[in-house]
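The lines below spell out each chain.
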Amino acid sequence: MNKKKSEIKVLVTREMPEIGIDLLKKEGFAVTVLPDVPMDPTDLIAKVAGFDALLSVGHNKLNKDALRQCSHLDIISQFGAGYDNIDETEAAHLGIVVANTPNVVNDATADVAFGLMLAVSRKMFYMHKKIARGKWGYFRPKANLGMELKNKTLGVFGLGRIGEEVAKRCKGAYNMDVIYHNRSRKIELETALGAKYVSFEDLLKESDVLSVHCALNSETRGVFDLAAFSKMKRSAIFINTSRGAVHNEPDLIRALEKGLIWGAGLDVTDPEPMKTDNPLLTMENAAVLPHIGSATMETRNEMSRMSALNIIEFYQSGKVTNAVNQLKGPKALSQR
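Residues numbered from 1 in each chain as written. Predicted model: local features only at pLDDT ≥ 70, side-chain atom pairs only at ≥ 80, totals over all residues. Heavy atoms only, no water.

Undergrad: How should I be thinking about the overall build of the chain in this particular structure?
TA: On a plain count of helices and strands, the chain comes out with 12 helices and 12 strands. By the compact-globule yardstick of 20 Å for 336 residues, the chain fits well, its C-alpha radius of gyration being 22 Å. When its C-alpha atoms are laid out on the principal axes, the chain stretches across 75 × 50 × 35 Å. Looking at the 336 residues of the chain, the share that counts as buried comes to 50%. Considering only contacts in the chain between residues 6 or more positions apart, those separated by 24 or more positions represent 65%. (Helix = DSSP H or I, 4+ residues; strand = E, 2+ residues; numbered from the N terminus. Rg over C-alpha atoms; globule rule 2.2 N^0.38 Å. Buried < 20%, exposed > 50% of the residue type's maximum accessible area, 1.4 Å probe, protein only. Contact = heavy atoms within 4.5 Å.)

So, in structure tokens, the structure goes:
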């Protein structure tokens, strides 16, 4: 590495909390922050020319073709835990480190999942809209009935750190039994939470609330389709705070319309943003949020700090704690 830090150029693709920007500048990097607007891949490729490091804020699409046009980059640090927008395998082949900000979003996202369970179970979003339409009306003992979560069964699809936090909340607040499906068992969590590992089929059949916390990949894309919803309890609530493409949205709408499941709470949709005429926005038993799982001041500040530290670590030692790919023929710092 012959460049001085002041010669290393870092491009930040969108405005973010200042803590990370300040860290990079304090270390001596030349930092450029783009305006707070989304970009298509062509725009991003043009912008990144001449930069050494990319701090990707938002869901910037960096597929194989885009990465090949950005092969001069040393590192891409993703502002977030998810990195399905980046072809990390191709990046590794090109010698580009990809890093993320894992675990920092756990509590904030778990809170949103838990909140959506409550909102759906008591039809909170729909009832609020009735007030706004002047439809409060009079007391009717059989009207506007929701359901209680106490002593029900929580099913977790993807019992990672976020899924664990959701399970803790449900267990502690409502004494819910916890079942889960993963690619591998989590024996330590089975002991700590009394969680039970089940097949995907049994997860669908037994869950009163099914909460999704998996990564988006070829195995999970569209796994919650009409066939899956048809196997769930008609009284079940479906929650997704992971990625919108994990569920098939037209199938979810059909499942709710047909009464195959009782309700759904989403912090993620497919596509994003959701169209304003989407039927989910007016359904009685649906609650939709605009992907705000990590949207707390504390979490976003830490995401900013950690995404900056990924870049700082790389140029200090060549090793990045939060790297998500293993380089194939890595660009050694001494050779760059």
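Undergrad: Explanation requested: the packing of helix H5 (residues 106-121) against helix H7 (residues 161-174) in the structure shown.
TA: Pairs of packed helices are described in terms of their axes, by the angle between the two and the distance that separates them. Contact geometry of H5 with H7 gives a least axis separation of 8 Å together with a crossing angle of 50°. Between H5 and H7, the angle falls in the class oblique. As H5 runs across H7, the sense of the crossing is right-handed. Across the interface between the two elements, Asn 106, Asp 107, Thr 109, Ala 110, Asp 111, Ala 113, Phe 114, Met 117 and Leu 118 of H5 pack against Arg 161, Ile 162, Glu 165, Val 166, Arg 169, Cys 170, Ala 173 and Tyr 174 of H7. Across the contact of H5 with H7, the residue classes tally to 10 nonpolar, 2 polar and 5 charged. (Axes fitted to C-alpha atoms, helices over the stretch in contact; angles between N-to-C directions. Parallel < 35°, antiparallel > 145°, perpendicular 65-115°, else oblique. Left-handed = near helix turned anticlockwise from the far one by under 90°. Nonpolar A, V, L, I, M, F, W, Y, C, P; charged D, E, K, R; others polar.)

Undergrad: For this particular structure, what's the right way to read the sheet that holds strand S4 (residues 75-79)?
TA: Sheet strands line up and pair through hydrogen bonds in the backbone, either parallel or antiparallel. Taken together, 5 strands build an open sheet; the order of strands is S2-S1-S3-S4-S5 and the sheet is parallel. The two strands at the open ends of the sheet, each matched to only one other strand, are strand S2 (30-33) and strand S5 (97-99). Taken over all neighbouring pairs, the strand axes of this sheet differ in orientation by 15° on average, direction set aside. Sheet analysis places strand S1 (residues 9-12) next to S2, joined by 4 bridges and oriented parallel. Paired with Leu 11 across the bridge in S2 is Thr 32. In the packing of helix H1 (residues 18-26) onto the sheet, contacts are made with S1, S2 and strand S3 (53-57), and the angle to S2 comes to roughly 155°. (Pairing = 2+ DSSP bridges.)

Undergrad: So what exactly am I meant to see when it comes to the layout of surface pockets here?
TA: Gaps left between atoms are located by rolling a probe of water-molecule size over the structure's atoms. Space inside the second largest pocket adds up to approximately 420 Å³. For the lining of the second largest pocket, the residue count by class is 8 nonpolar, 3 polar and 4 charged. (1 Å grid on protein atoms, 1.4 Å probe; cavity = no way out; pocket = protein on both sides within 12 Å on 5 of 7 lines; lining within 4 Å. Points joined across faces, edges and corners; volume = space filled by probe spheres on them.)

Undergrad: Would you mind showing me how to read the sheet that holds strand S11 (residues 263-266) here?
TA: Read from one edge of the open sheet, 7 strands run S8-S7-S6-S9-S10-S11-S12, paired in parallel fashion. Across the chains shown, the open sheet's two edge strands, defined by having one partner strand only, are strand S8 (196-197) and strand S12 (286-288). With 2 bridges joining them, strand S7 (residues 177-181) and S8 adopt parallel strand pairing. Looking at S8, one finds that Tyr 180 is bridged to Tyr 197. Against the sheet, H5 engages strand S6 (153-157), strand S9 (209-212), strand S10 (237-240), S11 and S12, with an angle of about 150° to S10.

Undergrad: In this structure, what is going on with the pairing of S10? I would like to understand it.
TA: Two faces belong to every sheet, and in a regular strand the side chains alternate between them. Burial of the side chains of S10 extends over both faces: Ile 237 and Ile 239 are buried on one face and Phe 238 and Asn 240 on the other. Across 4 bridges, the pairing between S9 and S10 is parallel. Across the sheet, Val 212 pairs through a bridge with Asn 240, a residue of S10. The sheet contact formed by S10 and S11 spans 4 bridges and is parallel. What sits directly across from Phe 238, in S11, is Ala 264. For the crossover that starts at S10, traverses helix H11 (residues 249-258) and ends in the parallel S11, the hand is right-handed. (Right-handed = clockwise from strand over helix to strand, strands pointing away.)

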